[in-house]
Amino acid sequence: MQTDPDFGTFFLPGPTEVRQEVLRAMLKPMIPHRSAEFEELFARIQVGLKDLFKTERPVFLAACSGTGMMEAAVRAIPPGPILSLVNGAFSERFAHIAEMCGREVTRYAVPWGEVHSLDRLERYLTDAKFVAVLATHSETSTGALSPVRQISDKAHSKGVLCLIDSVSGLAGAELRFDEWKLDFVLTGSQKAIALPPGLAFAAASEKMVALAADSPNRGVYFDIVEMDRFAKTNQVPATPSFSLLYALEVQLEAMQRETVEGRWARHTTMAEQISSWIDASRSRTGADWKNIVASEFRSPTVSTIQLPEGIVGPEFVQKVRKLGITVGTGYGKLGGTTFRVGHMGDHTVSTLQRCLDACEEVIRG
Ligand SMILES: *Cc1c(COP(=O)(O)O)cnc(C)c1O
């Protein structure tokens, strides 16, 4: 990944750092959206987006943050009870959105930092009749990565749909929409795709769109049936966010050069880098800090580090910031005792090392 010399200071787990070349692409003038010019842009963007999702299906675009597509997902689900897999703040948000859209939701919750047992999931699916399972690929509040393919297979074995929030997963963590036979996957622009916030993307299987078409109360703005219908003519139902699409086009070209597989590998390497750094740093500095997620479930894109006793999360983050590096505070109830590093998007082993060096300098005091 080719970055600018001054790139590599901003490690929030969303929004992530955006390269200058991508920011500059947004300065181009507007075009009419009901035009051949826009349809050509849409078609060009589809090539890269399909590769990113590993799908032959169209990839829907909406001018909103990830939460908007979460609502689109919920609104597409046929009537009936929903099972929500909760293991952190964003998976809880998915359950909450479903409830606020008037759906009956059962939560299968596990402690923050953990992932769900596939056996227990199977029992939930056997004991009650659900129409859909909601799951979060990379839980950004903790840094836990869920095995979405296995979760989806379990759901399908009971004839249940499975909808995946991959907002901090897609483009950083392996996901193969077609091969894994997924029903619905959504993501946002400002995480591993490393664009400014404001765009959301989703892929839906043909079956998912057909089931949605027969379902009531889909609303208007977040109706995937309309998104699908418009995508067939390289169009979108409402005015697109042109500036972000210009940025997306530049970013997709960069991804094609790196290859999507190369991008996944770079993220895996960065996750291994932060894991081995924390172990080495513990012995170098004596600081008793650790990743809150067990090594086999760590997300390639984000890590939550528990701080040594007596060190307050937001104060630590402030001190790192004074060294010119931005990391994230812990999320919600983990805010006081942890901090988070977003090692996603266009970060590399060398930019991440700068971040880790700053963290270690602060812990040395
Ligand atoms: C960031 C994020 C979201 C959506 O957040 P927005 O602020 O609406 O973009 C949803 N799920 C996960 C896992 C996320 O990381």
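The structure displayed is predicted, hence computed values, not measured ones.

Q: Explain the site of the ligand to me, please; I cannot follow it from the model alone.
A: Lining the immediate environment of the ligand, one finds 14 residues, of which S65, T67, T140, D165 and K191 sit closest. A distance of 2.6 Å separates a nitrogen atom of the ligand from a polar atom in the side chain of D165. Between K191 and the ligand, the recorded distance is 2.6 Å, taken from a side-chain N or O atom to an oxygen atom. Across the complex, the protein chains shield 89% of the 380 Å² of accessible surface that the ligand would expose by itself. For the shell around the ligand, the secondary structure elements donating two or more residues are α3 (66-76) and α4 (89-100). At 3 residues, α3 tops the list of elements feeding residues into the shell around the ligand. Considering only residue class, the shell around the ligand consists of 3 nonpolar, 8 polar and 3 charged.

Q: Teacher, can you tell me more about helix α8 (residues 224-231) here?
A: Since the α-helix turns once every 3.6 residues, residues separated by three or four places project in the same direction. By the criterion of burial, α8 is predominantly enclosed, with 6 of the 8 residues buried. Of the residues making up α8, those classed as buried are I224, V225, M227, D228, F230 and A231. In this structure, the buried residues of α8 make contact with α2 (36-53), β2 (60-62), α3, β9 (184-188), β10 (200-204) and α7 (206-213). Among the residues of α8, the N-terminal cap falls to D223, whose side-chain oxygen and the backbone nitrogen of V225 are separated by 2.9 Å.

Q: Quick question: what am I supposed to make of the sheet that holds strand β11 (residues 290-291) here?
A: Strands in a sheet are paired, the pairing made by backbone hydrogen bonds, and the direction either parallel or antiparallel. The 5 strands are arranged β1-β13-β14-β12-β11 in an open sheet whose pairing can be described as mixed. Every other strand in the sheet has two partners, leaving β1 (10-11) and β11 as the edge strands with one partner each. Of the strand pairs in this sheet, β11 and strand β12 (residues 302-306) are connected by 2 bridges, and their pairing is antiparallel. Its bridge partner being in β12, N291 is matched across the sheet by I305. Here helix α11 (residues 313-322) sits on the sheet in contact with β13 (326-329) and β14 (338-342), set at roughly 170 degrees to β13.

Q: I tried to follow the side chain of S299 on my own but got confused; where do I start?
A: Following the sequence through the fold, S299 ends up in the loop between β11 and β12. Classification of S299 by relative accessible area gives buried; the value is 1%. Polar side-chain contacts of S299 include one of 2.9 Å to the side chain of S138. In this structure the side chain of S299 is engaged in a polar contact, spanning 3.0 Å, whose partner is the side chain of T301. The contacts of S299, once residues within four sequence positions are left out, are S138, G143, A144, L145, A271 and H343.

Q: Even after reading the chapter, I still don't get the pattern of salt bridges, so can you show me in this structure?
A: Oppositely charged side chains are able to pair whenever their charged atoms sit close together. Taken as a whole and judged by the stated rule, the model has 20 salt bridges. Of the charged contacts in the structure, one is a salt bridge between D228 and R57, with a shortest N-O distance of 3.0 Å. One end of the pair, D228, is in helix α8; the other, R57, is in the loop between α2 and β2, with 171 residues separating them in the sequence. Classification of D228 as buried rests on a relative accessible area of 6%. The shortest N-O distance in the salt bridge between D346 and R263 comes to 3.4 Å. Of this pair, D346 sits in the loop between β14 and α12 (349-364) while R263 sits in helix α10 (residues 260-285), placing them 83 residues apart in sequence. The buried category is assigned to R263, whose relative accessible area is 0%. Each of R19, E21, E258, R263, R266 and D346 takes part in one network of salt bridges that share partners.

How each quantity is defined
Residues numbered from 1 in each chain as written. Predicted model: local features only at pLDDT ≥ 70, side-chain atom pairs only at ≥ 80, totals over all residues. Heavy atoms only, no water. Near = heavy atom within 4 Å. Polar contact = N/O pair within 3.5 Å; in protein donor to acceptor, adjacent residues only side chain to side chain. Areas by Shrake-Rupley, 256 points an atom, 1.4 Å probe, with all protein chains shown as cover. Helix = DSSP H or I, 4+ residues; strand = E, 2+ residues; numbered from the N terminus. Nonpolar A, V, L, I, M, F, W, Y, C, P; charged D, E, K, R; others polar. Buried < 20%, exposed > 50% of the residue type's maximum accessible area, 1.4 Å probe, protein only. Contact = heavy atoms within 4.5 Å. Pairing = 2+ DSSP bridges. Axes fitted to C-alpha atoms, helices over the stretch in contact; angles between N-to-C directions. Salt bridge = Lys/Arg side-chain N within 4 Å of Asp/Glu carboxyl O.

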